Amino acid sequence: MSRFIEFLVGLIFGVGLILSGMTNPAKVIGFLDLFGQWDPSLAFVMGGAILVGLFAFAIAKKRTTNFLGGAMQLPKSTQIDKRLVIGSLVFGAGWGLAGFCPGPALVSLASGYEKAALFVVAMLLGMLLFERLEKIAKRKKSA
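I will try to describe carefully the structure that is included in this document. (Residues numbered from 1 in each chain as written. Predicted model: local features only at pLDDT ≥ 70, side-chain atom pairs only at ≥ 80, totals over all residues. Heavy atoms only, no water.)

## Details of a nonpolar patch on the surface
Logical step 1: The grouping of Met1, Phe4, Ile5, Phe7, Leu8, Val9, Leu11, Ile12, Val15, Leu19 and Leu68 at the surface amounts to a nonpolar patch, some 1100 Å² of accessible area in total.
Logical step 2: A relative accessible area of 39% means that Val15 is categorised as partly exposed. (Patch = residues over 30% accessible without salt bridge, like charges linked within 9 Å, V, L, I, M, F, W, Y side chains within 5 Å. Areas by Shrake-Rupley, 256 points an atom, 1.4 Å probe, with all protein chains shown as cover. Salt bridge = Lys/Arg side-chain N within 4 Å of Asp/Glu carboxyl O. Buried < 20%, exposed > 50% of the residue type's maximum accessible area, 1.4 Å probe, protein only.)

Below, the structure is given as structure tokens:
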């Protein structure tokens, strides 16, 4: 039953991404083009997501299990460090260049959008590269 609920929540999220325009790279790039033909409509989408997130995290902090009975796994660190800043910059650069971030890219991939496939492949390769570099860095620290 929990897999069905997970699927349903993912489906609702995906439909929300489609309806909000987050799967349309031109709309996303228009939102990010502050000095050109700026499209502010996605600010409402982000504002709504932040508002929902504030309430969701407030509830989650008070719980030890999630609604499906699994362990609650929230980030422990609140520190802004170099890794977080660099990761944010890389994420933002990818979003600005491609018009995709991971969630909308996966939804667009499922709908057969070819540019989404290129983005997802590049994202997966980037994740693999990151994992490899992390392993190398950990080996160097322990040696």
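## Digging into the nonpolar core
In a soluble, globular protein the nonpolar side chains are often hidden away together inside.
Logical step 1: Membership of the largest hydrophobic core is limited to eight residues, which are Leu17, Met22, Val28, Phe31, Leu42, Trp95, Cys101 and Val107.
Logical step 2: Dropping the residues within four chain positions of it, Val107 is found in contact with Gly14, Leu17, Ile18 and Thr23. (Core = buried A, V, L, I, M, F, W, Y, C linked by side-chain atoms within 4.5 Å. Contact = heavy atoms within 4.5 Å.)

## Comments concerning the packing of helix α2 (residues 25–32) against helix α3 (residues 41–61)
Logical step 1: One can describe the packing of α2 onto α3 by two numbers: an axis separation of 8 Å at closest approach and a directional angle of 90°. Between α2 and α3, the crossing angle belongs to the class labelled roughly perpendicular. Of the residues in α3, those touching α2 at Lys27, Val28 and Phe31 are Ser41, Leu42, Ala43 and Met46. (Axes fitted to C-alpha atoms, helices over the stretch in contact; angles between N-to-C directions. Helix = DSSP H or I, 4+ residues; strand = E, 2+ residues; numbered from the N terminus. Parallel < 35°, antiparallel > 145°, perpendicular 65-115°, else oblique.)

## Brief notes about the side chain of Ser20
Logical step 1: Along the chain, Ser20 turns up in helix α1 (residues 2–20).
Logical step 2: Ser20 sits in the buried class, given a relative accessible area of 17%.
Logical step 3: The contact partners of Ser20, leaving out residues within four places of it in the chain, are Lys27, Leu42 and Val45.

## Here's the deal with the packing of α1 against helix α5 (residues 102–110)
Logical step 1: Two elements in contact, α1 and α5, have axes whose closest approach is 10 Å; the angle formed by their N-to-C orientations is 90°. Relative to α5, the element α1 is oriented roughly perpendicular. Seen from α1, the contacting residues are Gly14, Leu17 and Ile18; seen from α5, they are Gly103, Pro104 and Val107.
Logical step 2: Across the contact of α1 with α5, the residue classes break down as four nonpolar, two polar and no charged. (Nonpolar A, V, L, I, M, F, W, Y, C, P; charged D, E, K, R; others polar.)

## Here we look at the environment of Pro25
Logical step 1: Among the structural elements, Pro25 can be located in helix α2.
Logical step 2: For the pair formed by Pro25 and Thr78, sequence separation is 53 residues and the distance between their alpha carbons is 31 Å.
Logical step 3: If near-sequence neighbours (up to four positions away) are discounted, Pro25 is found in contact with Ala98, Gly99, Phe100 and Tyr113.

## A closer look at the pattern of salt bridges
In a structure, side chains of opposite charge can pair up when their charged atoms sit close to one another.
Logical step 1: For the structure shown, the criterion picks out three salt bridges.
Logical step 2: As a salt-bridge pair, Lys27 and Asp39 come within 3.2 Å of each other at their nearest N and O atoms. Of this pair, Lys27 sits in helix α2 while Asp39 is found in the loop between α2 and α3, placing the two residues twelve residues apart along the sequence.
Logical step 3: Judged by relative accessible area, Lys27 falls into the partly exposed class, the value being 24%.
Logical step 4: Residue classification places Asp39 among the partly exposed positions, given a relative accessible area of 24%.
Logical step 5: A salt bridge links Arg83 to Glu134, with the nearest nitrogen and oxygen atoms 3.3 Å apart. Of this pair, Arg83 sits in helix α4 (residues 82–98) while Glu134 sits in helix α6 (residues 114–142), and the two are 51 residues apart along the sequence.
Logical step 6: Assessed through its relative accessible area of 53%, Arg83 is described here as exposed.

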